[in-house]
Amino acid sequence: MKKFARKVGRSAKVANQFRFTSTFEYIDLVCLDGWKPDNLHVAWLRGHRRADSPDVKWVAKTESGNAIEGRATFDPPISSSLIVTLYQAKDQQDFEQKDYKFYIENEGANGKKILASFNCNIADFAGIPSERHALDMTFKPVSKKISKAVLGLTMESEFIKKGKASDDDMMSTFSRVSGGGGMPDDDDDDPSLSTSSFQNLPVDSQVSQPTDSVSSTVSNGVADESVAASNVMTSLEASVTSKFVAGPTLDGACWLPDDIQLIDAAGQPVSKSTLDQTDLIGMYFSAEWCAPCKKFVPKLIKFYNYLQNEERSFQLIYISSDNTKEAMMGYMKDQQMPWVGLSFDSPLGEQLRVDFKVTAIPLLCIVSRNGDIISNSAKKPVDAASGSEVEMTKLYNKWIRKLLEIKGLPVPDEDEPEKKKGFLSSLFGGKKKDKQQQGPAQGDDDATNDDHADEAPPPTSKHGGKEKEDLLRQKEQLERERTMERQVVEEKTRKLHVTLEMNAQMQKELDEKEEKIRILEAKNETLRQTAEAKTGEVGVLKQKISMLEEQLTSKVAEEKKLQDEKRELLANISLHGWLFKKGIKGPTANTWRRRYFKIEEGSKLTYYKTAGDGPPQGFIDLDQVVSVGAVSGAQQDKNNCTFHISTENRTYELLAHDDSTMKKWIGSIQYMKEWRAKQKREANH
C-alpha cells in the first residue's frame, strides 16, 4: 500500500536516472589533545543503506599546541558508484532535493566511531549529459577529539536515461537494496538491537514488592437493582484491569551523560535531574519531514499525557533527524510536544542513532534509567494502545514486568478472570449476607447509607463476572474490527478517486492525441496530392542528379583519402579528459594528483588543475616524446590502467579511469608523435 501511494504521488513527475561516481583522494584531520585515529574510512549513505570505502592510515604532519594536523591518502584514489533517480515536476527545470550523508569514521579496538558528518544534496551535482566537480568537503565535527575534517574527492554525474516516475526500472540502487523502498514497520522487541551497547552502565537496584489495590464507588438509592449491579460490575472490572504494576526501586542517576543538552518545545534548557528520577525513558527518533512521524505524534502525546496524569515514572526524549535547527523547533512547537528534546547541535544525537541502530523513523525505544533496553521498537504497540486507557495501562505494565525480569526480581502475574470473579463476589455477596444477619443500626445515618449501598443484588449468574469480562472483550474486538473495516473502505475509496482522476486525465490526453491525428491526416493528404504533381519534375531532376553524380565520383575518390586523414587528425588533436599524474619531486613526490589533460597547438600535451580556463600546471612536448605505452610488471595497477610517456629528459607516469581510456590516450599520443615527425620531414623537403 505504501509503494502504491508513493507511485501515485509521483505519477505527475519526470524521473531522471544518473550514475554518480565519487573518487576519494584524501582525508585531512586536525586532532586534539594528542589523540590519533587508527583506521579511517568514508561512509556514503542514505537512510539505512550505506557504502564504505577501504580503511586508510592517517599520517601526522604538523603539530601546534594541542592540535595535530595530518592526512590519510587513498593511493591510488578509490571510486564508488551508485545509480540515483532524481525527480522533477514537468514544468520545472530543477531537480527535487535528495539528501545523502557522508561520514568519516574511525575503527579502533572499541569499534566504529563517527568523527565528522556532511549533509549532501546530490541533486546539486547532477548535470545532463554529465558533470565533474573537484571538491574539498568541509565536514561538521561530531567527536570532540577533532576540530576540523576535510574530504578531498571528485564527484562525477553521468546521465543515463529519462522515464516515468512510476516505472520500476527508474529506482535508485540504494532503493533497490532497501527491499521495497518503504520505511519498515516497527516491530516490538526487535532482536537486532540488544543491550550490549549499555552493558557497562550501572544496573544496581532494589525492588519493592508489587501491591494490588482496588477502589470502587457504589451509588446509594438505586432504583433498578439489575442495572446498578451491572454498573458496579463494569466500574470494578475496569478498575481491576487497569491497575498498575509496581516497578523496582532504581538507584543511581540516568545513564545519559551529565552534560546532555535538553530543551523544551519553547527552546528553553531543561535540567537532566528530571531523567535522574525516572524509571522508564522513551528515546523517540523522528523528524519534521517524515509523514509517518507526524501521523504517530498525536497518539504518542495521548499515551504520554495519560501516564503523566496517572503519575507514572515515565519520560520521553526527542532525538531529531531534521535538516535544520529551525525545522526541529518548529516541529516541537507545532505538535505541542510535552516532552524534552535533545539539542540539535548536540553531538550525542549521531552517537545515539548508531547505538540504537536507527534504520528508519519513527522509532521509539524504551530504556530504564540504568540503561536496560526494555523495548527497541515500541512504536507499533503504542500506536495500537493509544485508543484505550486499559490497553495503555497493560502496555506500561508489560514494560515494568520486563524491567523486573531483567533485574532478576519477582514478576507478578497478570490478573486472572477467576481472581476478579472472587474479588467481586466478595464485595457483593459477602457484604449483603452480613447485613441481612445483623440488620441496620437504629438512628445511624451512615449505617442507613451502607444498607442502601448493599441493596444492589449480586450478579444474576454464578459466573456473571467472567461473562461480563467476555462481553467487554467481544465489544472491544468488534470495535477494532469496525475500525479496520472503516479504514479499508476509506483506503479503497481513496484509491478509487485516484484511479478515476487518472482515467479522466488519460481520456483527456487521448482526445487531444486523436485531434492531432486528424489534423496530421489532413496535412498528409495535401502533401500526397502535391507529391503526385511534382512526380514529373522529380524525374527530370533525377537525370540531372545522375549526371552530376558521375562527375563527382572521381572527385569524391580523391577527397576521401584527405577527409579520412583529416578526421583522424582532428579526433586525436581534440582528445581531452581527466588523468591521474604521479609527481616525482617536491611535496607531491610519489603522490597521484588528478589533472585535466588536453592537446594544444598540435604539439603540446598540457595539463591543468581544473577543466576551466585556469593557468596550466605544465605540458609535455610531443616533439620530445621518445616512447609511450602501458606500464608492465609490478608497476602496473590492478585495473591495468597505468601508462608512461618518455621524453629525452623525463618519464611521466599516468593513470587512466579504465583500460579503454588508457589505450585511447596511448594511440592518440603515438599518432600525434608520428604526424609531427611526418610534417617536419615534408617541411624539410
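Our structure is the block above this text.
The following refers to the structure shown. This structure is a prediction, so every number in the text was calculated from the model and none was measured.

## Focus on the overall build of the protein
For the protein, the helix and strand inventory stands at 14 helices and 26 strands. Residues classed as buried in the protein amount to 37% of the 685 residues present. Excluding contacts between residues fewer than 6 apart, the proportion of contacts in the protein whose partners are at least 24 apart in sequence is 66%. Of the accessible surface of the protein, which amounts to about 39,500 Å², a share of 50% is contributed by carbon and sulfur atoms.

## Description of the sheet that holds strand β19 (residues 373-375)
Taken in spatial order, the seven strands of this open sheet run β14-β13-β17-β16-β15-β18-β19, and their pairing is mixed. Looking at which strands have only one partner, the edges of the open sheet turn out to be β14 (269-270) and β19. When strand β13 (residues 262-263) meets strand β17 (residues 340-342), the two strands line up antiparallel, connected through two bridges. Looking across to β17, one finds that Leu262 is bridged to Leu342. On the sheet, helix α7 (residues 348-355) packs against β15 (280-286), β16 (314-320) and β17 and is oriented at approximately 105 degrees with respect to β16.

## Describing helix α14 (residues 659-684)
Along its 26 residues, α14 runs 38 Å from first to last C-alpha, staying within 8% of the 38 Å computed at 1.5 Å per residue. For α14, the set of buried residues is Met662, Trp665, Ile666, Ser668, Ile669, Tyr671 and Met672.

## Details of the sheet that holds strand β25 (residues 642-647)
Across the sheet, which stays open at both edges, the seven strands sit in the order β23-β22-β21-β20-β26-β25-β24 with antiparallel pairing between neighbours. Of all strands in the sheet, those bounded by a partner on one side alone are β23 (616-621) and β24 (625-630). Neighbour-to-neighbour, the strand axes of this sheet turn through a mean angle of 35 degrees, independent of strand direction. When β24 meets β25, the two strands line up antiparallel, connected through five bridges. The residue of β25 that forms the bridge with Val625 is Thr647. Seen against the sheet, α14 touches β20 (576-582), β21 (592-600), β22 (604-608), β24 and β25 and runs at an angle of roughly 160 degrees to β24.

Definitions and cut-offs
- Residues numbered from 1 in each chain as written.
- Predicted model: local features only at pLDDT ≥ 70, side-chain atom pairs only at ≥ 80, totals over all residues.
- Heavy atoms only, no water.
- Helix = DSSP H or I, 4+ residues; strand = E, 2+ residues; numbered from the N terminus.
- Buried < 20%, exposed > 50% of the residue type's maximum accessible area, 1.4 Å probe, protein only.
- Contact = heavy atoms within 4.5 Å.
- Areas by Shrake-Rupley, 256 points an atom, 1.4 Å probe, with all protein chains shown as cover.
- Pairing = 2+ DSSP bridges.
- Axes fitted to C-alpha atoms, helices over the stretch in contact; angles between N-to-C directions.
- Expected span 1.5 Å × (residues − 1).

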